[in-house]
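Listed here are the chains, written in short residue letters.
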Amino acid sequence: MNPYNFDNAPFGFALCELIYYQDVDKFDYTFISINKAFEDLLSLDYNQIINQKASDIFKMVKSNHLDFIKDYVQIAQNGGSKTVENYFGDSKKIFDVYIYSYDKNIFATLFIDITLKKVKISKNIHSYSNLLKIHRNQLSFKNRVFESSRIPIIIMDKKTFKYIDCNQAAVNIYGYTSKSEVLGKTPLDVSAPIQYDNTPSNQKALYYINKALKDGSVVFEWKHMRDDGTIWDAEVHLLKFTCDSKIFLQFSLIDITERKKFQNALIQEKERLSVTLKSIGDAVITTDNNGRIILMNTIAEELTGWKQSEALGAQFDQVVNFIDEKSSTISDNLINKVINTGGGIDFVNNTIICSKGNIKRFVEYSISPIKFENSIIGTIIVIRDITNRRKFLETIQKAQKIESLGVLAGGIAHDFNNLLTGIFGYIGIAILNTKDKKVKDSLQKAYNTIEQAHSLSNQLITFAKGGKPHKNHEPLSPFLEDTINFALSGSNITAKFNVSPDLFLNIDKNQIAQVISNIVINACQAMSNSGEIVVTAKELYISEDRKPLLNKGKYVVISIKDTGIGIRKDLINRVFEPFYTTKPKGHGLGLSMCYSIIKKHNGIIEIESEINSGTTVSIFLPSADKLENSDKKLISPKSKKHLKGGKILVMDDELFMQNILSKILNILGFQVVTASEGNTAVNKFLEAKNNNVPFDGLILDLTIPGGIDGVTTLKKIKEIDDKIIAFVISGYSNHPILSNPQEYGFTDIIKKPFTIEEIEKLFKKYF
């Protein structure tokens, strides 16, 4: 007889499984395996007993067996063994019933007839029961619960860590052909050398075994190795159980190789998504269908001031609030609206968000639902920072306004300055000719008043398109200190300088001096002529994305900071507008002129201010690495001093300009011949030369409507006499000749309007 088989045993054997009911105090069990002796003692056959409820069977045989149900439950649930007495109705037989635990909710019973007191049988009971408890391999039980299981199961000795039993599923999953190849191995024999966290398998296995011994069970993932060396992934359920006072460990394995591949694919996809989101220039945030944040990219972290680790799980409205720029109201419940309606929100402009650090940014945003199998599972929010774009557009608008003024100035400058020239000229001549002191005093006052109009005209001309600066390389430090100290003379304000001595600029000193002086005067007025101005200058490399209006390269940044009353935020954007002023007697051209001059020097000017905390004006100008020597060939003036007499040819299309210049030059001792256009001027010049009464100098109007202009006229005359002294005269032009007349053959320029003193000074220089 097979020692592990109870089929031919002289006592009844039954393997039972508990049944649970909703009523926690009610239990029953079914018979899942029995032997022939058990059929005989119940006088029922196999089919009448197997898979039937015990309550039904023992009612038929009039047994009190169910009185011990609590004992069965306790042993089935907690392990152990117990012996009770039982009887079966009319048979008058008494049995010792041995109850043993097999597994969770499964127990075995042995029915020993003690009526005849068969000692031999009683002696054999102990050995059979021990076999039952230790090996748990009674054939019918193993076929039903252990061997037939599709889940690989392994029994391991607690002390040696050796496998002492396993089912066929375990043999198959390791790639072996028989149990003998599995039994006797340890976990390390069938494991990868290193586990998921790079811990050696021997250390990790000991950790989980100790945890199972302490807690009773543990579930974990493990890298196994098959017989052919293939690595596979398993979910391991490790369980501690006790049998005959001995502790064993049971492994149940679930192959999760495909699941791990899927998880790794998801991790890789998530990483690719993360890299993609980081590379996107817009902020991207995703939420679940309850509006909780589940993902943020780096741009979103920078824009909101929240780290993803801080924001995960938080409601979107806790992290981001969209504020309408015009109404200053918060647009709330946007996520709920998208989820409830299923419709997205296209890019919305005119919006402000305030970061965690209280930094306000102009943005535009969109919100779209995320759908899966026709259900909305969340939303994706894209936020685009347009702060720099807004500043760029505002700067462009400022430039356009100033350009508009330039068109206006360019249109009227020539005629206006011609008129001023006439007024200057005639009043100046009248002052020289009159001997009446009262008349002379009145004329002088009128002359001084017109000089103010001249100053205003010069500021208007600054905005005209042709106001190209006449640049030279200049060391910054002495120029800056001299200009600012001169502007502060007569005030109680001091200047503190922090300017590097090795900074150089390529600038029109007169124009930049105008800018610096204007800024310093504004600072003095803001501080009520008392306080300190801090002036700093340093070199910076500006990238394209840092200052959109500047080309990348090295720039000198000049900052002038005062401690005055400051400028309101709503007014800062208007300070460069032409004719805008907050001063009762101002005309609103000062800062506009500064803006225009700096722009023509390929730079920008910026203002930062806080009420009662002062204002800082920063000027960005291209840096010059070194002083450069000019290679322009200047026409040397004649060595004559204060030449009286001489003959000058004046060409101008305005008759009164011919008269004014003639009278002024006559006063200075020169003879004047006039012409209204270029051909006439050339003919008169050639005629005078042929008659041996040549001209000593030329004054040529730059623009002659309908005739040959001054540049073309000079070229023709230079073919006759290339040494002739020639002045170009103009009220305004978009021609670069005004900033560099020598390149076009002229000796110097005469700017309208002009005074007798200015003409006298110019002619003393060259005649």
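Residues numbered from 1 in each chain as written. Predicted model: local features only at pLDDT ≥ 70, side-chain atom pairs only at ≥ 80, totals over all residues. Heavy atoms only, no water.

1. Here we look at the pattern of salt bridges
So, point 1. Under the definition given, this model contains 18 salt bridges.
So, point 2. The shortest N-O distance in the salt bridge between Arg226 and Asp255 comes to 3.4 Å. Of this pair, Arg226 sits in the loop between strand S8 (217-225) and strand S9 (231-243) while Asp255 sits in strand S10 (residues 246-255); the two residues are 29 residues apart in sequence, bridging distant segments of the chain.
So, point 3. The class for Arg226 is partly exposed, based on a relative accessible area of 23%.
So, point 4. Since its relative accessible area comes to 39%, Asp255 is described here as partly exposed.
So, point 5. Through salt bridges that share partners, Glu221, Glu235, Arg259 and Lys260 make up one connected network. (Salt bridge = Lys/Arg side-chain N within 4 Å of Asp/Glu carboxyl O. Helix = DSSP H or I, 4+ residues; strand = E, 2+ residues; numbered from the N terminus. Buried < 20%, exposed > 50% of the residue type's maximum accessible area, 1.4 Å probe, protein only.)

2. Here we look at the packing of helix H21 (residues 678-690) against helix H22 (residues 710-718)
Helix-helix packing is described using two parameters, namely the angle between the two axes and the distance between the axes.
So, point 1. It is at 9 Å that the axes of H21 and H22 come closest, and there the two elements cross at 20°. The angle between H21 and H22 falls in the class roughly parallel. The element H21 and its partner H22 pack so that their crossing is right-handed. Along the contact surface, H21 presents Gly678, Asn679, Ala681, Val682 and Phe685, while H22 presents Thr713, Lys716 and Ile717.
So, point 2. Here the residues of the contact of H21 with H22 sort into four nonpolar, three polar and one charged. (Axes fitted to C-alpha atoms, helices over the stretch in contact; angles between N-to-C directions. Parallel < 35°, antiparallel > 145°, perpendicular 65-115°, else oblique. Left-handed = near helix turned anticlockwise from the far one by under 90°. Contact = heavy atoms within 4.5 Å. Nonpolar A, V, L, I, M, F, W, Y, C, P; charged D, E, K, R; others polar.)

3. Side note on the pairing of S10
So, point 1. Across five bridges, the pairing between strand S6 (residues 153-157) and S10 is antiparallel. Each residue of the ladder has a partner; that of Met156, found in S10, is Leu249.
So, point 2. When S9 meets S10, the two strands line up antiparallel, connected through 10 bridges. Paired with Val236 across the bridge in S10 is Leu253. (Pairing = 2+ DSSP bridges.)

4. Some thoughts on the sheet that holds S9
So, point 1. Read across the sheet, five strands follow the order S7-S6-S10-S9-S8 without closing on themselves; strand pairing throughout is antiparallel. Edge positions in the open sheet fall to strand S7 (163-166) and S8, since each of these has one partner strand only. Strand-to-strand twist in this sheet, taken as the mean axis angle between neighbours without regard to direction, amounts to 30°.
So, point 2. In terms of strand pairing, S6 meets S7 through three bridges, oriented antiparallel.

5. Notes on the sheet that holds strand S27 (residues 697-701)
Strand-to-strand pairing in sheets goes through backbone hydrogen bonds, with the strands running parallel or antiparallel.
So, point 1. Sheet architecture is open: five strands sit in the order S26-S25-S27-S28-S29, paired in parallel fashion. Single-partner strands in this sheet number two, and they are strand S26 (671-675) and strand S29 (748-751). Neighbour-to-neighbour, the strand axes of the sheet open up by a mean angle of 20°, direction not taken into account.
So, point 2. Two strands pair when backbone bridges link them, and strand S25 (residues 647-651) and S27 are joined in this way by four bridges, in the parallel orientation. Residue Leu649 lies in a different strand from S27, and its bridge partner there is Leu698.

6. Some details on unusual backbone geometry
So, point 1. Here Asn350, not a glycine, exhibits a phi torsion of approximately 55°, which is positive.
So, point 2. Residue placement: Asn350 occurs in strand S15 (residues 345-354).
So, point 3. The exposure class assigned to Asn350 is partly exposed, which follows from its relative accessible area of 33%.
So, point 4. The phi torsion at Asn692 lies on the positive side, around 65°, for a residue other than glycine.
So, point 5. Among the secondary structure elements, Asn692 is positioned in the loop between H21 and S27.
So, point 6. A relative accessible area of 66% places Asn692 in the exposed class.

7. Structural notes on the packing of helix H16 (residues 476-488) against helix H17 (residues 509-526)
So, point 1. Contact geometry of H16 with H17 gives a least axis separation of 9 Å together with a crossing angle of 45°. On the basis of the axis angle, H16 is oblique to H17. Where H16 crosses over H17, the two elements pack in a sense that is right-handed. Here H16 contributes Phe479, Leu480, Thr483, Ile484, Ala487 and Leu488 to the contact with H17, which in turn contributes Lys509, Ile512, Ala513, Ile516, Ser517, Val520 and Cys524.
So, point 2. Considered class by class, the residues forming the contact of H16 with H17 number 10 nonpolar, two polar and one charged.

8. Focus on the nonpolar core
So, point 1. Core analysis: the largest hydrophobic core is formed by 36 residues, its most contacted members being Leu476, Ile533, Ile558 and Ile619.
So, point 2. A total of eight residues in this core trace back to one element, the largest contributor, which is H17.
So, point 3. Counting residues in hydrophobic clusters, the runner-up holds 27 residues, among them Ala14, Leu42, Val73 and Ile99. (Core = buried A, V, L, I, M, F, W, Y, C linked by side-chain atoms within 4.5 Å.)

9. A few points about the environment of Phe479
So, point 1. Checked against the element boundaries, Phe479 lands in helix H16.
So, point 2. A relative accessible area of 8% means that Phe479 is categorised as buried.
So, point 3. Separated by 34 residues in the primary sequence, Phe479 and Ala513 have C-alpha atoms spaced 8.4 Å apart.
So, point 4. Not counting residues within four places of it along the chain, the set of residues in contact with Phe479 comprises Ile507, Lys509, Ile512 and Ala513.

10. Observations regarding the packing of aromatic side chains
So, point 1. Scanning all chains against the criterion turns up 26 aromatic pairs.
So, point 2. Summarising the aromatic geometry, the rings of Tyr163 and Phe251 are spaced 6.0 Å apart at their centres and angled 65° between planes, so their arrangement reads as edge-to-face. Of this pair, Tyr163 sits in strand S7 while Phe251 sits in strand S10, and the two are 88 residues apart along the sequence.
So, point 3. Ring geometry for Tyr174 against Tyr176: centres 6.5 Å apart, planes inclined by 50°, an arrangement best described as tilted.
So, point 4. Linked through ring pairs, Tyr29, Phe31, Phe38, Phe58, Tyr72, Phe107 and Phe111 together constitute an aromatic cluster.
So, point 5. Over the aromatic face of Tyr207 sits the side chain of Lys204, whose NZ or CZ is 5.7 Å from the ring centroid.
So, point 6. For Arg390, the ring lying beneath its charged end belongs to Phe362, and the centroid distance is 4.1 Å. (Phe/Tyr/Trp six-rings, centres within 6.5 Å; stacked < 30°, edge-to-face > 60°. Lys NZ or Arg CZ within 6 Å of the ring centre and 35° of its normal.)

Such coordinate-based values are descriptive only and should not be taken to indicate function.
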